[in-house]
Amino acid sequence: MTETTQHRTPDSRPTGGLSAQYQPGEVEQRRYENWVSQGYFTADPASDKPPFSIVIPPPNVTGSLHVGHALDHTIQDTLSRLKRMQGFEVLWLPGMDHAGIATQNVVERQLAAQQLSRHDLGREKFVEKVWEWKAQSGGAILGQMRRLGDSVDWSRERFTMDEGLSRAVQTIFKRLYEDELIYRANRIINWCPRCLTALSDIEVEHTDDEGELVSIRYGEGENAIVVATTRAETMLGDTAVAVHPDDERYKHLIGTEVELPLTGRRIPIVADEHVDPSFGTGAVKVTPAHDPNDFEIGQRHDLPSITMMDERAVVTVHGPFEGLDRYEARPAIVAALREEGRIVAEKRPYVHSVGHCSRCKTTVEPRLSLQWFVNTGPLAKAAGDAVRDGRVSIEPAELSKRYFAWVDNMHDWCISRQLWWGHRIPVWYGPDGEVVCVGPDEEPPAGFTQDEDVLDTWFSSALWPFSTMGWPERTPELEKFYPTSVLVTGYDILFFWVARMMMFGLYAMDDVQPFNVVNLHGMVRDGHGKKMSKSFGNVVDPLDWIERYGADATRFTLARGANPGSDVPISEEWCQGSRNFCNKLWNATRFALMNGATVEGELPPAEELSAIDKWILSRLQHVIGEVDEYFATYEYAKVCDTLYHFAWDDVCDWYLELSKPVLAGSEAANSQRVLGHVLDQLLRLLHPVIPFVTEELWVALTGGETVVKAQWPAIDKELIDDAAEEELAALQKVVTEVRRFRSDQGLKPSQRVSAALTGLGNVGIDTHEPLIRSLARLDAPGDGFTATATLAVSGAITVDLDTRGTIDVAAERARLEKDRTAAEKEAAQCRAKLGNESFIGKAPEQVVTKIKDRLATAEADLTRIAAALEALPTA
RNA sequence: GGGCGCGUAGCUCAGUGGGAGAGCACUCGCCUUACAAGCGAGGGGUCGUAGGUUCGAAACCUACCGCGCCCA
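Computed from a predicted structure; not experimentally measured. (Residues numbered from 1 in each chain as written. Chains lettered and ligands numbered in written order. Predicted model: local features only at pLDDT ≥ 70, side-chain atom pairs only at ≥ 80, totals over all residues. Heavy atoms only, no water.)

J.: So what's going on with the overall build of chain A? Residues and values would help.
T.: Across its full length, chain A holds 27 helices and 29 strands. If one aligns the C-alpha atoms of chain A with their principal axes, the spans along those axes are about 120 × 65 × 55 Å. Counting over 875 residues, chain A shows a buried share of 54%. Put simply, 77% of the contacts in chain A that link residues at least 6 apart link residues at least 24 apart. Of the roughly 38800 Å² that chain A leaves accessible, carbon and sulfur atoms contribute 49%. Both charge centroids of chain A, one from 91 positive and one from 131 negative side chains, sit 4 Å from each other. (Helix = DSSP H or I, 4+ residues; strand = E, 2+ residues; numbered from the N terminus. Buried < 20%, exposed > 50% of the residue type's maximum accessible area, 1.4 Å probe, protein only. Contact = heavy atoms within 4.5 Å. Areas by Shrake-Rupley, 256 points an atom, 1.4 Å probe, with all protein chains shown as cover. Lys, Arg positive; Asp, Glu negative; His and termini not counted. Charge placed at Lys NZ, Arg CZ, Asp CG, Glu CD.)

Here it is in structure tokens:
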């Protein structure tokens with residue numbers, strides 16, 4: 001298998017230098033570099049063509065191409081290439097995200113290997129170090145995008161931390177600040193005790209974890225009250241116990257105080273509507289500094305907040321527990337309470353929902369702290385309205401419900417992060433508590449110091465559709481390409497990113513939406529629909545597939561699985577199938593070249609064409625129409641499926657086989673031209689999904705410069721030919737029936753059989769008799785022809801075969817009986833319907849007619865099957 | 001707990017009122033001058049369960065069972 005069969009074909013016929021098998025590795029790099037150097041992907045804002053633009057969801061600078069990117073990029077590249085061929089000026093803008101926490105973590109890990117922390121370097125040196133890291137190791141994904149074939153405009157690559165984008169960040173921050181849409185406040189936020197930073201709500205992942213539920217008795221005797229908690233350690237920070245105001249069990253206690261165990265503090269018992277009387281004992285401990293719900297209860301009842309842990313989740317309250325980590329403190333405190341006889345019940349394990357840092361998986365600690373927030377109210381309203389009024393459509397539309405649920409209930413967005421890598425908050429503080437927000441071209445007053453925090457990475461990502469085009473300047477790019485045409489991304493970041501781009505885009509761009517369409521795709525899963533995970537060992541590395549099967553096969557596998565809104569299962573077997581498909585195209589084109597296929601000159605007029613040529617041209621028109629329709633509705637799987645079947649079934653299995661005799665003869669010219677045309681069009685249609693093999697083949701076939709710039713096929717209604725399609729359907733039926741007979745009879749393909757065909761004229765295919773004979777391997781009846789079997793094909797065609805007396809009667813009887821059973825079932829179904837008066841009376845006329853036709857066909861079949869069975873010799 | 005979605009062939013999925021489909025897998029036969037990464041033929045499904053609407057339900061409605069995702 002290692003040796004290629006490059007010169008196996010007779011060299012008398014030109015093959016365009018194509019080997020017997022497609023070798024993607026040899027083609028891809030060469031083609032890609034050529035496309036880029038020719039400038040095919042460079043967008044021109046001054047162009048007269050209508051614009052089509054996509055901004056890439058910027059991958060993390062730390063990232064490498066995983067299979068999710070491969071899907072996302074395949075779709076974007078497919079759309080970009082399609083639109084380019086359709087005559088649009090296409091901008092697909094690439095770039096990367098600085099990925100605050102992720103990148104800082106990477107560099108900190110490197111420092112840790114040298115026993116250093118970022119504090120040893122200091123802020124300035126550390127940030128320098130991160131830039132160094134980026135220069136050396138960042139952006140591996142960019143090279144990998146080339147291998148996938150991404151037709152991005154490399155001349156416009158951007159980075160969220162580059163100068164222009166930083167300027168955009170500062171500009172919008174100041175605007176929002178001045179519009180009072182950004183504020184600073186002491187709030188309870190999600191805190192990662194490992195990353196030591198605040199997180200926004202959506203950077204927290206909830207999972208059901210095993211914990212414990214401990215019931216603790218506060219107070220003594222009649223005034224005792226039992227609270228249930230999963231976080232016993234936080235009792236050190238309790239400032240109240242809350243019950244529901246209507247809870248009869250506790251009415252007498254409302255307004256009284258109990259002693260908080262282990263501390264000697266006395267805390268009030270308050271009534272609050274938000275307490276669920278059915279949870280636990282119906283009484284809850286209130287720790288305003290360490291729980292978001294408790295924080296709100298605290299606000300409503302004016303309770304003090306006692307912070308009992310530091311930023312690393314270590315207990316800071318003086319006493320025996322001071323210095324213990326939260327997980328050490330929990331059992332220690334439970335033990336101490338148990339000793340006092342205060343533990344009433346313990347449930348272990350107790351499964352409940354726990355939040356984790358989306359970056360490092362550490363359990364999030366709610367923490368009261370001073371942070372910056374975006375007031376999302378008016379921004380989220382506008383973001384919802386843009387979808388509601390149709391300026392932005394979400395595809396598939398069902399997912400817009402989720403979008404509304406999110407934007408209509410958005411919490412204020414915590415945007416400050418206690419990190420060093422990111423856009424530093426442009427707010428400066430004066431010696432006397434002055435606060436100044438500094439714009440891009442402004443200087444802070446002397447003696448002021450800048451806020452230490454940086455912005456959430458998603459803050460700059462939210463500006464991506466316009467910051468990358470030069471905003472806040474009014475650039476030709478913005479003029480031409482904003483709003484962007486489509487945003488392609490996974491439904492998992494609808495909230496992270498899409499909603500935020502909508503808010504900032506509408507705000508910054510005078511209420512013009514950042515994109516017209518949001519095309520959401522699913523998550524890539526393994527061949528059994530399971531989530532890919534390292535621990536499960538089912539992760540596909542797209543680069544591995546590209547290496548072994550080619551970028552086109554990888555892309556086709558992904559696109560073929562991409563049904564709207566649903567996840568995309570892939571497996572290596574299916575990728576092999578895609579590779580086989582590319583090879584099929586390769587060989588079809590090779591065959592065409594060996595047989596003089598050409599794209600020179602006009603197509604011959606219909607009246608000069610054979611039914612076969614007219615048929616394939618007609619089929620092609622339908623396919624063009626279907627592909628256009630499916631692209632318009634983002635049905636990538638159906639685009640692929642349609643083209644796969646047209647190419648393999650119609651073109652290769654039938655058209656090429658039917659054309660072989662003509663192409664080998666002296667009157668091949670018309671078919672050579674039609675074959676050239678069909679392949680030319682087919683390769684164009686496939687190019688957006690599988691760019692490399694189509695480019696190689698199209699150039700070989702047509703001698704053109706590149707299929708990248710070729711015009712997208714348009715339907716020619718003149719070429720639709722129903723008569724030719726019916727004719728070919730009849731022809732296919734005869735051939736298939738004879739093949740089935742041969743197969744059932746165990747006749748080998750090499751075994752020629754004499755046969756007489758009658759009745760072909762009944763369906764107008766008498767002229768195709770030689771073809772039928774060739775495809776079904778039937779010889780003309782010679783002297784001494786004796787029919788030993790008769791095959792009655794529906795449509796009054798009869799094939800008498802001379803099988804030299806060796807007919808397998810049992811096999812033939814079985815075959816006919818199977819046909820009879822099917823026909824009987826069909827006839828019975830039809831009769832039942834037609835015998836139903838309600839059906840006749842209420843069903844539409846064309847349905848009734850159709851059923852009548854079906855019955856007639858079934859009855860005719862039954863008659864000929866009965867005759868054939870009758871004619872069989874008895875065993 | 002709230003919301004959304006899904007149960008169709010061994011696997012993964014199309015089909016959304018009128019003849020149960022595809023890819024892969026499987027069985028049988030073939031080195032057939034483009035392709036064995038191929039060609040030809042075939043087997044395989046009470047469309048999750050139970051009711052209902054309808055002349056007619058895989059599709060529409062209700063309930064239940066099972067699974068998934070998002071949010072709290």
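Let's pick the thread back up.
J.: Explain the pairing of strand S5 (residues 182-192) to me, using residue names and the numbers behind them.
T.: Direction of pairing for S5 relative to strand S14 (residues 365-374): antiparallel, over a ladder of 10 bridges. Paired with Arg187 across the strands is Ser369, a residue of S14. Across 3 bridges, the pairing between S5 and strand S6 (residues 197-199) is antiparallel. When the sheet's bridge partners are listed, Trp191 is paired in S6 with Ala198. Connecting S5 to the next strand, S6, in antiparallel fashion are 4 residues, including Leu196 with a positive phi near 55°. (Pairing = 2+ DSSP bridges.)

J.: Outline the sheet that holds strand S28 (residues 789-793), supporting the account with residue identities and numerical values.
T.: The 4 strands are arranged S27-S26-S29-S28 in an open sheet whose pairing can be described as mixed. Where the open sheet ends on each side, the last strands, each with one partner, are strand S27 (778-779) and S28.

J.: Residues and numbers for the packing of helix H16 (residues 542-549) against helix H18 (residues 572-594), please.
T.: A packed helix pair is summarised by two numbers, namely the angle formed by the two axes and the spacing between the axes. In the contact formed by H16 and H18, the axes pass within 11 Å of each other and the chain directions differ by 40°. As judged from the angle between their axes, H16 and H18 are oblique. Classified by chirality, the crossing of H18 by H16 is right-handed. Counted together, Trp545, Arg548 and Tyr549 of H16 and Glu572, Cys575, Gln576 and Arg579 of H18 form the full contact between these two elements. By residue class, the composition of the contact of H16 with H18 is 3 nonpolar, 1 polar and 3 charged. (Axes fitted to C-alpha atoms, helices over the stretch in contact; angles between N-to-C directions. Parallel < 35°, antiparallel > 145°, perpendicular 65-115°, else oblique. Left-handed = near helix turned anticlockwise from the far one by under 90°. Nonpolar A, V, L, I, M, F, W, Y, C, P; charged D, E, K, R; others polar.)

J.: Requested: an account of the UniProt feature "short sequence motif: 'HIGH' region" (unreviewed entry) in chain A, with residues and values cited.
T.: The UniProt record annotates "short sequence motif: 'HIGH' region" (unreviewed entry) at residues 59-69. Within the segment residues 59-69, helix and strand shares are 27% and 0% respectively, and the terminal C-alpha atoms sit 8 Å apart. (UniProt positions renumbered as here; feature names shortened; annotations may be inferred.)

J.: Explain the state of the cysteines residue by residue, including any values.
T.: Summed over all chains, the structure comprises 0 disulfides. Note on Cys414: no disulfide assigned, nearest cysteine sulfur contributed by Cys357 at a separation of 13 Å. Of all cysteine sulfurs, the one in Cys582 lies closest to Cys575, which takes part in no disulfide; the gap is 8.9 Å. The exposure class assigned to Cys575 is buried, which follows from its relative accessible area of 0%. (Disulfide = S-S within 2.5 Å.)

J.: Any chance you could break down the packing of aromatic side chains for me, citing the residues and the numbers?
T.: Any aromatic ring pair is given by two values, namely how distant the centres are and how the planes are angled relative to each other. In the structure shown here, the tally under the stated rule is 25 aromatic pairs. Here the aromatic rings of Trp413 and Phe459 are separated by 6.1 Å at their centres, their planes lie at 40°, and the arrangement is tilted. Of this pair, Trp413 sits in strand S16 (residues 413-414) while Phe459 sits in helix H12 (residues 457-461); the two residues are 46 residues apart in sequence, bridging distant segments of the chain. Each member of the pair, Trp413 as well as Phe459, carries the same accessibility label: buried. Taking the centre distance of 6.3 Å and the plane angle of 25° together, the rings of Phe556 and Tyr644 count as stacked. Remark: Tyr644 occurs in helix H20 (residues 636-664) and Phe556 occurs in helix H17 (residues 551-560); sequence separation between them is 88 residues. This pair shows no difference in class: Phe556 is buried, exactly as Tyr644 is. Chaining the aromatic ring pairs together yields one cluster made of Phe173, Tyr177, Trp372, Trp413, Phe459 and Phe504. (Phe/Tyr/Trp six-rings, centres within 6.5 Å; stacked < 30°, edge-to-face > 60°.)

J.: So what about the pattern of salt bridges? Which residues, and what values?
T.: All chains considered together, the criterion is met by 59 salt bridges. Arg146 is paired through a salt bridge with Glu33; the nearest N and O atoms lie 3.7 Å apart. Note that Arg146 is positioned in helix H6 (residues 140-148) and Glu33 in helix H1 (residues 24-37), a separation of 113 residues in sequence. In this structure, the salt-bridge partner of Arg740 is Glu737, at a minimum N-O distance of 3.8 Å. On the criterion of helical spacing, the pair formed by Arg740 and Glu737 is a turn pair, its members being 3 residues apart in helix H23 (residues 722-745). (Salt bridge = Lys/Arg side-chain N within 4 Å of Asp/Glu carboxyl O.)

J.: Please set out the packing of helix H19 (residues 611-632) against H20 residue by residue, giving values where relevant.
T.: Following both chains from N to C, one finds H19 and H20 inclined at 175°, their axes separated by 9 Å at the closest point. Overall, the two elements H19 and H20 adopt an arrangement that is roughly antiparallel. Together, Ile612, Asp613, Trp615, Ile616, Arg619, Leu620, Val623, Glu626, Val627, Tyr630 and Phe631 of H19 and Tyr636, Lys638, Val639, Thr642, Leu643, Phe646, Asp650, Val651, Trp654, Tyr655, Leu658 and Ser659 of H20 make up the contact between the two elements.

J.: I'd like a rundown of helix H11 (residues 400-407), residues and numbers included.
T.: Listing the buried residues of H11 in full gives Ser400, Tyr403, Phe404 and Val407. For H11, the angular spread of buried residues about the axis comes to 95°, placing them on one side. If you follow the buried residues of H11, they end up packed against helix H10 (377-388), strand S15 (393-395) and helix H15 (494-508). (Arc of directions from axis to C-beta.)

J.: Lay out the side chain of Glu737 with the relevant residues and their values.
T.: Looking at Glu737, the relative accessible area reads 17%, which means it is buried. Not counting residues up to four positions away in its chain, the partners in contact with Glu737 are Leu791, Val793 and Arg815.

J.: Can you break down the pairing of S14 residue by residue, with the values?
T.: Within S14, 8 of the 10 residues are buried, which leaves the element mostly enclosed by the surrounding structure. In this sheet, S16 lies alongside S14 in antiparallel orientation, the contact comprising 2 bridges. Along S16, the bridge assignment pairs Val374 with Trp413.

J.: Account for the domain arrangement of chain A, naming residues and giving values.
T.: Many analyses report the size of an interface as the accessible area lost when the parts associate. When the domains of chain A are assigned, the result is domain 1 (2-19 + 571-720), domain 2 (197-366) and domain 3 (737-871). Domain 2 and domain 3 are separated by 80 Å when their C-alpha centres are compared. (Domains from an automatic or database assignment.)

J.: Please give an account of the sheet that holds strand S7 (residues 204-218) that cites residues and values.
T.: Sheet architecture is open: 3 strands sit in the order S8-S7-S13, paired in antiparallel fashion. At either margin of the open sheet sits one strand with a lone partner, and together these are strand S8 (225-229) and strand S13 (343-357). For this sheet the average axis-to-axis angle between neighbouring strands, irrespective of direction, equals 20°. One ladder, built from 12 bridges, connects S7 with S13; its direction is antiparallel. Opposite Asp208, over in S13, you have Ser353 as the bridge partner. Lying over the sheet, helix H9 (residues 326-339) contacts S7 and S13, oriented at roughly 160° with respect to S13.

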